[in-house]
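# Working through the structure, step by step
Residues per chain are reported as follows:
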Amino acid sequence: MTIMMITLRQDLDAVSDVLRQTFAIEPFKRDYDTAFSAIAEILYRYGMAENPRNLRFRFILCMQEFFDGIPQDQWRVKDPAFVKQSEEFAIAKFREWILEQIT
């Protein structure tokens, strides 16, 4: 059981790394298809046969949850710190969703 938890944690960290590396690229050069395909491969190890496009949509819902919690007039989409905060929030929510699906 301990080995499975270590592997799961490593895989969740790998998912986070894939997303952070994707966000580090200029927005118009990002390859979301490759990123979410890599995530789908990780999740397949746990019996989750997810379509990369569905995973991308799920991630967008996690991102939307961040913005739904803030009045629109307070969105600072040109502020890199605010954008980073939204990305980290969405990554955390996406990880939670993955854990819910696996456990």
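Overview of the structure. From a predicted model like this one, the values you see are computed outputs, not experimental measurements. (Residues numbered from 1 in each chain as written. Predicted model: local features only at pLDDT ≥ 70, side-chain atom pairs only at ≥ 80, totals over all residues. Heavy atoms only, no water.)

Right, let's talk about the side chain of Thr-22 for a bit. Following the sequence through the fold, Thr-22 ends up in helix H1 (residues 2–24). Overall, the relative accessible area of 7% leaves Thr-22 in the buried class. When neighbours within four sequence positions are excluded, Thr-22 is seen to be in contact with Arg-30, Tyr-32 and Ala-35. (Helix = DSSP H or I, 4+ residues; strand = E, 2+ residues; numbered from the N terminus. Buried < 20%, exposed > 50% of the residue type's maximum accessible area, 1.4 Å probe, protein only. Contact = heavy atoms within 4.5 Å.)

Turning our attention to the environment of Thr-103. Among the secondary structure elements, Thr-103 is positioned in the segment after helix H4 (80–102). Measuring from C-alpha to C-alpha, the distance between Thr-103 and Arg-56 comes to 21 Å, with 47 residues separating the pair along the chain. Here Leu-99 takes part through its backbone oxygen, which lies 2.7 Å from a polar atom of the side chain of Thr-103. (Polar contact = N/O pair within 3.5 Å; in protein donor to acceptor, adjacent residues only side chain to side chain.)

We now examine the packing of aromatic side chains. Applying the stated criterion across every chain, the model contains ten aromatic pairs. Aromatic pair Phe-59 and Phe-94: ring centres 5.5 Å apart, planes at 85°, arrangement edge-to-face. In this pair, Phe-59 is assigned in helix H3 (residues 52–68) and Phe-94 in helix H4, connecting sequence segments 35 residues apart. Members of the aromatic cluster, connected to one another through ring pairs, are Phe-23, Phe-36, Phe-59, Phe-94 and Trp-97. (Phe/Tyr/Trp six-rings, centres within 6.5 Å; stacked < 30°, edge-to-face > 60°.)

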